[in-house]
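# Structural features, examined
Each chain is listed here by its residues.
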Amino acid sequence: ENLQSEVAIQTRELKAVIEERDDLLRYVSHDMKKPAVSIGRYIAVLQEREKDEELKKAVKIMRQKADELIKNLDDLSMYAKSNYVAESSACFNADDVLSQSCAALGPDCEANGITLEYRAAELQVYGKKNGLLSVVNNLIINAVEHAQCTSITVSAYRRRNTGVIAVTDDGKGLGGQDVFRPYYSENPSDKNLGLGLYLCHEVLQRLGHTISIRSEPGKGTAVCICFARGTLVVE
């Protein structure tokens, strides 16, 4: 009885901590976004009116930083709103995730001159579809925005006793290995200081899956999601 009582107390305390964290994330992502958007608008007006070339360069950098801040707040908002742990697990085909993601993001790729394709696979998975779909979407968006690529391929396949989803591009590649650290940058002057890959890593950890990167500078990058053991349905 004492043990059950202690478990109940710790469960309530844990729920309170999670709710407190989610409230803070919602505040940061929602309330702080309003002044950031307002600052971006004023900078845009200043950028249009400024005539001095040196000042125009400085204002351009300010606008880029404001856009990065808004993007990071959007990422936090997505993370705060999406409680993938609470999502019910179900059996689904990995091909459904690939096709939905490519259908949604195909126009974005086309607008940036990038070819997006997926390779169908009959992989039946037991898990949380929306969480996995969110990660695949973010990996494609990350490649569009930062890889400097001309093609992106999303594929699913079996590997030993489990399954893998891979998002591969033919872009500039990555030199570092710590890309899942928040605000990671290979170059101190690099403007790619986002949370995208870090949040993907966090979501996959919640779902029990793992993520890894194979990359070579100048030859592209492959980001691989490996399903948790026991989630692949063998027919």
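So, here's what we can say about the structure. None of these values were measured; they are calculated from a predicted model. (Residues numbered from 1 in each chain as written. Predicted model: local features only at pLDDT ≥ 70, side-chain atom pairs only at ≥ 80, totals over all residues. Heavy atoms only, no water.)

On to the layout of surface pockets, then. Of the voids in this model, the second largest pocket is the one considered here, and its volume is about 150 Å³. Lining the second largest pocket are R159, R160, N161, T162, C226, F227 and R229. Classifying every residue of the lining of the second largest pocket gives two nonpolar, two polar and three charged. (1 Å grid on protein atoms, 1.4 Å probe; cavity = no way out; pocket = protein on both sides within 12 Å on 5 of 7 lines; lining within 4 Å. Points joined across faces, edges and corners; volume = space filled by probe spheres on them. Nonpolar A, V, L, I, M, F, W, Y, C, P; charged D, E, K, R; others polar.)

Here we come to the sheet that holds strand β4 (residues 151-159). One open sheet holds the five strands; their spatial order is β2-β4-β5-β7-β6, and the pairing between them is mixed. If you trace the sheet from one side to the other, it starts and ends with β2 (115-119) and β6 (210-216), each paired once. The average angle at which neighbouring strand axes cross in this sheet is 15 degrees, direction not considered. In this sheet, strand β7 (residues 220-226) lies alongside β6 in antiparallel orientation, the contact comprising seven bridges. From the neighbouring strand, R214 faces β7, where its bridge partner is A222. (Pairing = 2+ DSSP bridges. Helix = DSSP H or I, 4+ residues; strand = E, 2+ residues; numbered from the N terminus. Axes fitted to C-alpha atoms, helices over the stretch in contact; angles between N-to-C directions.)

Turning to helix α6 (residues 196-207), a few remarks are in order. Helix length check: α6 (twelve residues) gives 17 Å between terminal C-alpha atoms against 16 Å at 1.5 Å per residue, within 8%. Phi for G208, located one or two positions after α6, is positive at around 90 degrees. (Expected span 1.5 Å × (residues − 1).)

With that settled, consider the pattern of salt bridges. Using the criterion set out here, one finds three salt bridges in the structure. Here E53 ties to K56 by a salt bridge, and the two come within 3.7 Å at their closest N and O atoms. Within this pair, E53 and its partner K56 are both found in helix α3 (residues 53-81), separated by three residues, close to a single helical turn. Assessed through its relative accessible area of 51%, E53 is described here as exposed. The partly exposed category is assigned to K56, whose relative accessible area is 33%. With a shortest N-O distance of 3.6 Å, E216 and K219 are connected by a salt bridge. According to the relative accessible area criterion, E216 is partly exposed, its value standing at 42%. (Salt bridge = Lys/Arg side-chain N within 4 Å of Asp/Glu carboxyl O. Buried < 20%, exposed > 50% of the residue type's maximum accessible area, 1.4 Å probe, protein only.)

Attention now goes to the nonpolar core. With 39 residues, the main nonpolar core has L139, I140, I152, V154 and I165 as its most contacted residues. Listing elements by their share of this core, those giving two or more residues are α4 (94-111), α5 (129-146), β4, β5 (162-169), α6 and β7. (Core = buried A, V, L, I, M, F, W, Y, C linked by side-chain atoms within 4.5 Å.)

With that settled, the discussion passes to the packing of α5 against α6. Put simply, α5 and α6 touch, their axes get as near as 10 Å, and they point 160 degrees apart. In terms of their interaxial angle, α5 and α6 are classed as roughly antiparallel. Considering how the two elements wind past one another, α5 and α6 form a crossing that is left-handed. Where α5 abuts α6, its residues G131, L132, V135, N138, L139 and N142 lie against L197, C200, V203, L204 and L207. Here the residues of the contact of α5 with α6 sort into eight nonpolar, three polar and no charged. (Parallel < 35°, antiparallel > 145°, perpendicular 65-115°, else oblique. Left-handed = near helix turned anticlockwise from the far one by under 90°. Contact = heavy atoms within 4.5 Å.)

Let us look at the packing of α4 against α5. Running from N to C, α4 and α5 cross one another at 30 degrees; their axes reach a closest spacing of 10 Å. Along this stretch, α4 crosses α5, giving a crossing that reads as right-handed. Of the residues in α5, those in contact with D96, V97, Q100, S101, L105 and C109 of α4 are K129, L132, L133, V136, N137, I140, I141 and V144. For the contact of α4 with α5, the residue count by class is nine nonpolar, three polar and two charged.

Let us now look at unusual backbone geometry. Of note, Q148 is a non-glycine position whose phi angle comes to about 55 degrees, a positive value. Within the secondary structure, Q148 is located in the loop between α5 and β4.

To continue, consider the state of the cysteines. One pass over the structure, following the stated rule, counts zero disulfides. Of all cysteine sulfurs in the structure, the one in C109 sits closest to C102, which takes part in no disulfide; the separation is 7.7 Å. C102 gets classed as buried once you look at its relative accessible area, which sits at 11%. As a non-bridged cysteine, C224 has C226 as the owner of its nearest cysteine sulfur, 8.7 Å distant. Overall, the relative accessible area of 2% leaves C224 in the buried class. (Disulfide = S-S within 2.5 Å.)

Keep in mind these values describe shape, not function.
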